[in-house]
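Structural features, examined
Residue strings, one per chain:
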Amino acid sequence: TTQAAFTFIQSKTDIIQRSFFDAIAILGAVDDDSARDTSLISKSDFYAAVNVIFESYEPYDNFVNFMVQSSQHCYTPNSYMYTATTAGRDDSSGDGNPALLNFVGSEPLQAEQSISTECDGELLAQDDWTGFDYCDEALAGKTYTPDE
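Residues numbered from 1 in each chain as written. Predicted model: local features only at pLDDT ≥ 70, side-chain atom pairs only at ≥ 80, totals over all residues. Heavy atoms only, no water.

**Quick word on the pattern of salt bridges**
Note that side chains of opposite charge can pair when their charged atoms are close. For clarity, the cut-off: Salt bridges are defined as contacts in which a side-chain nitrogen from Lys or Arg sits within 4 Å of a carboxyl oxygen from Asp or Glu. Here a strand is any run of E in DSSP of at least two residues, a helix any run of H or I of at least four, and the numbering for each starts at the N terminus. Each residue gets one of three labels from its accessible area relative to the maximum for its type: buried under 20%, exposed over 50%, partly exposed in between, using a 1.4 Å probe on protein chains only.
By the definition in use, this model includes one salt bridge. Here K142 ties to E58 by a salt bridge, and the two come within 3.6 Å at their closest N and O atoms. In this pair, K142 sits in the loop between β5 (134-136) and β6 (143-144) while E58 sits in the loop between α2 (43-57) and β2 (63-68), placing the two residues 84 residues apart along the sequence. As far as burial versus exposure is concerned, K142 and E58 are alike and both buried.

Here's what the structure looks like:
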């Protein structure tokens, strides 16, 4: 069993990651006349794709993620590291939403410490996904505690 948590910080609608997807779609269409309509990825489709990828990591005991209701790309190199919660990149609501700083600050984990997946929104099964205000129920409730 591994001793290190494999953690992700992910915005539900990351603008830079969506832009990369769009650029590849547009550039790919240049060489293929049948793909000239270059459909760009929506926020909803992007978030669904993120969840599908993260579900592929779910079998690993040490995989956890922190999902932010935002389009922000990076958090650790700027002030959003200190203000982000699952509810947004600059959450000053005081609603007690899980804070990114606490999530990151809990690592490295010591024996008997744990870290859990965090997300803000209604838990939905894949067949019910719509928009991006939900949380994937297949990823919810995951906690990792390293072996002693």
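That was the structure; now back to the text.
**Description of a negative patch on the surface**
Threshold: Distance thresholds for patches are 9 Å for like charges and 5 Å for nonpolar side chains (Val, Leu, Ile, Met, Phe, Trp, Tyr), applied to residues having over 30% relative accessible area and no salt bridge. Each accessible area value is a Shrake-Rupley result obtained with a 1.4 Å probe; residue values ignore everything except the protein chains displayed when judging cover. Neither His nor the chain termini are counted; the positive set is Lys and Arg, and the negative set is Asp and Glu. Taken as the charge centre is NZ of Lys, CZ of Arg, CG of Asp or CD of Glu, depending on the residue.
Among the surface-exposed residues, E122, D127, D128 and E137 lie close enough to one another that they form a single negatively charged patch. Note on placement: E137 falls in the loop between β5 and β6. Since its relative accessible area comes to 44%, E137 is described here as partly exposed.

**Describing α2**
Count 3.6 residues to each turn of an α-helix, and residues three or four apart come out pointing the same way. The following threshold applies: Take the number of residues in a helix, subtract one, and multiply by 1.5 Å to get its expected span. What the arc describes is the spread of directions from the helix axis to the C-beta atoms.
The terminal C-alpha atoms of α2 lie 22 Å apart, and with 15 residues this matches the ideal 21 Å at 1.5 Å per residue to within 8%. For α2, every residue scored as buried is listed here: F46, Y47, V50, N51 and F54. Buried residues of α2 fall within an arc of 135° about the axis and therefore sit on the same side.

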